[in-house]
Amino acid sequence: MFAQRHLSWRRGGPLTTAVLVSLGAAALVAQPAPSSAPGATYTEKIPNSTVTFDMVAVPGGTFMLGSPASEAGRDADEGPQVEVTLKPFWIGKTEVTWDEFDQFAFVGNTGARTGDGGGGDADAVTKPSRAYGDEAKGYGKGKIPALAMTQHAAMEYCRWLSQVTGKAYRLPTEAEWEYAARAGNTGAQPADLDDQAWHAGNAKEIPHPVGEKKPNAFGVHDMLGNVAEWTFDLYSEGRYAEWAPKASQPVALPTDKRYPHPTRGGSFIEGANKLRFANRQSSHEDWSQRDPQVPQSIYWHTDADHVGFRVVRALDEQANLKGFVSKVIKESADR
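Residues numbered from 1 in each chain as written. Predicted model: local features only at pLDDT ≥ 70, side-chain atom pairs only at ≥ 80, totals over all residues. Heavy atoms only, no water.

Q: Would you mind showing me how to read the nonpolar core here?
A: W98, F101, M149, Y157, L161, F309 and V311 are the most contacted members of the largest nonpolar core, which has 50 residues in total. By residue number, the principal contributor to this core is helix α2 (residues 151–165), which donates 8 residues. Contact partners of F309, with chain neighbours within four places excluded, come to E95, V96, F101, M149, A154, Y157, C158, L171, A228, E229 and W230. V58, F63, F89 and Y179 belong to the second largest nonpolar core, which has 29 residues in total. (Core = buried A, V, L, I, M, F, W, Y, C linked by side-chain atoms within 4.5 Å. Buried < 20%, exposed > 50% of the residue type's maximum accessible area, 1.4 Å probe, protein only. Helix = DSSP H or I, 4+ residues; strand = E, 2+ residues; numbered from the N terminus. Contact = heavy atoms within 4.5 Å.)

This is the structure in structure tokens:
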């Protein structure tokens, strides 16, 4: 069953650089600066594996975050619009795949199905305990986007990736996500949505391997559809009113609470009308309604097989995000 702000379930190593004391103090491996031309990329290889992924350079700029009151299908939490200015950053060309996530979650990790470890440690990355049942939800792995993990697990993946590569990766802020998704488009969604996105009308109720649809103008695939994507922020329906009329590098830092956090982009089980650039969906307790653990897992959602994520890397990281670590632990309250 669908609700306006959440979805219910519908289907059953060693480091290459010195261990980072904190990401803020890390010496980042040099890469070319993002160019003014969209689509410039570099390829990252996960150490001690054959797995690689591409990062697309996104030029800095100013755009209107959110949707105008006149936009069809608009929800109240998409406004008021905010004039946002962002610095350049890199963003994953595709959503994080199981090939990538498995290097973090399962290679060398035999975590038990119970007793989730804590989070929020300044030094140690926590790897997930095993999910109940098939973590891939029967969809398969490989180039299928990793899915059904919590925002905490996605953030821990980014922290692990930062440590093993020596580059500071994290989740995109809501503003960065929408800026990269729009790629200069000021409308509600692409005119060629079916060519760019998997949704309920064309996906046949399954997520698809990343990169099969056309990229947007920045050269990024699957920003809309396939799986909805975690962002860094703490969700609030009235967030944009706090930032309006103008903001630079806005972000709402998450707390130690499990919910709510925004996902963006819509998914393979949502109608095309939900795959709008400005659409926001907040995480909800129903996403783990079948998890029998007390407390419930901080790594896996039993009922959110529509959610995954992609990574970003700032060219010049903003001070309040340097070294930020998820504060969620197994004793964390829901809200």
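Q: Please explain the environment of R130 as it appears in this structure.
A: Relative to the helices and strands, R130 resides in the loop between α1 (98–105) and α2. Sequence spacing of R130 and F106 is 24 residues, and the spatial spacing of their C-alpha atoms is 8.3 Å.

Q: Help me out: how do you make sense of the confidence of the model for the protein in this one?
A: Reading predicted coordinates in detail is not appropriate for stretches of low pLDDT. On average, residues of the protein score 87 in pLDDT, and 84% of them reach the 70 mark or higher. Across the protein, the element-wise mean pLDDT spans from 94 in strand β1 (residues 41–45) up to 99 in strand β6 (residues 228–230). Note on residues 1–39: pLDDT under 50 across the span, and 89 contacts to partners over four residues away in sequence or across chains. (pLDDT = per-residue confidence, 0-100.)

Q: Sorry if this is basic, but what is going on with the packing of aromatic side chains here?
A: The way to describe two aromatic rings as a pair is by their centre distance and the angle between their planes. Throughout the structure, instances matching the rule amount to 20 aromatic pairs. A centroid spacing of 5.5 Å and a plane angle of 70 degrees characterise the contact between F101 and F104, whose relative ring orientation is edge-to-face. Here F101 and its partner F104 are both found in helix α1, 3 residues apart, which amounts to about one turn of the helix. Just as F101 is buried, F104 falls in that class too. Taking the centre distance of 6.1 Å and the plane angle of 5 degrees together, the rings of F106 and W300 count as stacked. You can see F106 sitting in the loop between α1 and α2 and its partner W300 sitting in the loop between β9 (280–282) and β10 (307–308), a full 194 residues away along the chain. As far as burial versus exposure is concerned, F106 and W300 are alike and both buried. Ring-pair connections join several aromatic residues into one group, and the members of that group are W98, F101, F104, F106, Y157, W160, W300 and F309. Directly above the aromatic system of W198 lies the positively charged group of K213, at a separation of 4.1 Å from the ring centroid. (Phe/Tyr/Trp six-rings, centres within 6.5 Å; stacked < 30°, edge-to-face > 60°. Lys NZ or Arg CZ within 6 Å of the ring centre and 35° of its normal.)

Q: Looking at this model, I keep getting lost on the pairing of strand β5 (residues 89–92). Mind explaining?
A: For a regular strand, side-chain orientation follows a simple rule: the groups alternate between the two sheet faces. Of the two faces of β5, the one holding F89 and I91 and the one holding W90 and G92 are both buried throughout. Both strand β2 (residues 52–58) and β5 contribute to a ladder of 4 bridges, which runs antiparallel. Counterpart to A57 in the pairing with β5 is W90. As paired strands, β5 and strand β11 (residues 312–314) are joined by 3 bridges and run antiparallel to one another. Note that in β11 the partner of I91 across the bridge is V312. (Pairing = 2+ DSSP bridges.)

Q: What exactly am I supposed to notice about the sheet that holds strand β4 (residues 82–86) here?
A: In any sheet, the strands associate via hydrogen bonds between backbone groups, in a parallel or an antiparallel arrangement. The 3 strands are arranged β3-β4-β7 in an open sheet whose pairing can be described as mixed. Single-partner strands in this sheet number two, and they are β3 (61–65) and β7 (246–248). The average angle at which neighbouring strand axes cross in this sheet is 25 degrees, direction not considered. When β3 meets β4, the two strands line up antiparallel, connected through 5 bridges. Bridge pairing in β4 places G61 opposite L86. Helix α3 (residues 174–182) contacts β3 and β4 of the sheet and is inclined by roughly 100 degrees relative to β3. (Axes fitted to C-alpha atoms, helices over the stretch in contact; angles between N-to-C directions.)

Q: Please clarify how empty space enclosed by the protein should be interpreted in this entry.
A: Space left empty within the atom packing is revealed by a probe, the size of a water molecule, rolled over the atoms. Here the largest cavity defines a volume of roughly 110 Å³. For the largest cavity, the full set of lining residues is T150, Q151, H152, W230, R258, Y259, H261, S283, S297, I298, H301 and V328. Of the residues contributing to the lining of the largest cavity, the split by class is 4 nonpolar, 7 polar and 1 charged. (1 Å grid on protein atoms, 1.4 Å probe; cavity = no way out; pocket = protein on both sides within 12 Å on 5 of 7 lines; lining within 4 Å. Points joined across faces, edges and corners; volume = space filled by probe spheres on them. Nonpolar A, V, L, I, M, F, W, Y, C, P; charged D, E, K, R; others polar.)

Q: In this structure, what is going on with the sheet that holds β5? I would like to understand it.
A: One open sheet holds the 4 strands; their spatial order is β1-β2-β5-β11, and the pairing between them is antiparallel. Either end of the sheet is taken by a strand with one partner, and the two such strands are β1 and β11. For this sheet, the mean inter-axis angle between neighbouring strands, taken without regard to orientation, is 25 degrees.

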